[in-house]
Amino acid sequence: QVRLKESGPRLVQPSQTLSVTCTVSGFSVTSYHVSWVRQPPGKGLEWVGAIWKGGSTDYNSALKSRLSISRDTSKNQVFLKMNSLQTDDTGTYYCASLSGYFDYWGQGVMVTVSS
Amino acid sequence: DVQMTQSLSYLAASPGESVSISCKASKSISNYLAWYQQKPGEAYKLLIYSGSTLQSGTPSRFSGSGSGTDFTLTIRSLEPEDFGLYYCQQYYEKPLTFGSGTKLEIK
């Protein structure tokens, strides 16, 4: 059974760095691409970036300068780091398996950027 | 970037009715189109990909159609569990982009 679960801080201060972990079960992150998507409260979905099964990454150009996606294959985890957070980075961050479309999603972690 | 437009942000219908939700791309995306459902407290669920292919587990009352720029998600004979938010997404090119969502509520 495929499962993705996000974990990370619920509150981050402005200008700080967000670190979110996606723990995957049911497939290997070396066999399947994994992506991050975020959703501000009451708004639509925004693709953040992806790490391909081979380990290379792709980022939304609008966020690229602040983003890093990596993985630990031994733990089957994928990591999102986003720096220089601002209040409009507040939202729910989801990880999802990616086949072009998003096959399976985690429940998401709600992150608030506030002092 | 490819802009995805769901013109209806809200739709109310009764159980047993059929509804259609439209999605329009700002350029041709062939059939690289997926539909998702979100219900409160649940993870997003992939319903349809490649414009019309049902994901395993998607009930047959759901169908997708269209190619190029215009797409439609149709739900025949609505069940109570079908009410929620629906999003389209293109994967023709990066950045992957989503429609703004259509909320389907019980009338």
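Below you will find a few notes about this structure. (Residues numbered from 1 in each chain as written. Chains lettered and ligands numbered in written order. Predicted model: local features only at pLDDT ≥ 70, side-chain atom pairs only at ≥ 80, totals over all residues. Heavy atoms only, no water.)

Here we look at the interface of chain A and chain B
Worth spelling out the cut-off: Any two residues whose heavy atoms approach within 4.5 Å at even a single point are treated as in contact. Summed over both partners, the accessible area lost on bringing two parts together, with a 1.4 Å probe, is the buried area. Any carboxyl oxygen of Asp or Glu that lies within 4 Å of a side-chain nitrogen of Lys or Arg is treated as forming a salt bridge with it. Each polar contact in these results corresponds to two N or O atoms within 3.5 Å; when the atoms are within protein, one needs to be able to donate a hydrogen and the other to accept it, and residues that are neighboring in sequence are counted only if both atoms are side-chain atoms.
Listed as interface residues are 20 residues of chain A and, on the opposing side, 17 residues of chain B. Of the roughly 1500 Å² buried where chain A meets chain B, counting both sides, 63% is carbon and sulfur surface. The interface formed by chain A and chain B contains one salt bridge. The closest approach of N and O atoms between Asp58 of chain A and Lys94 of chain B, which form a salt bridge, is 2.4 Å. The tally of links between chain A and chain B comes to six residue pairs in polar contact (both at pLDDT 80 or more).

Quick notes on the pairing of strand 8 (residues 77-82) of chain A
Residue and element names in this part refer to chain A. Just so we agree on the cut-off: Three labels apply to residues, based on accessible area from a 1.4 Å probe with only protein chains included: buried if under 20% of the type maximum, exposed if over 50%, partly exposed otherwise in between. A run of DSSP states H or I qualifies as a helix once it reaches four residues; a run of E qualifies as a strand once it reaches two. Both are numbered from the N-terminal end. Whether two strands pair comes down to DSSP finding at least two bridges between them.
A large share of strand 8 lies buried, amounting to five of its six residues. Pairing between strand 3 (residues 18-25) and strand 8: six bridges, direction antiparallel. Its bridge partner being in strand 8, Thr23 is matched across the sheet by Gln77. With six bridges connecting them, strand 7 (residues 67-72) and strand 8 associate as antiparallel partners. Pairing of Ile69 across the sheet is with Leu80, part of strand 8.

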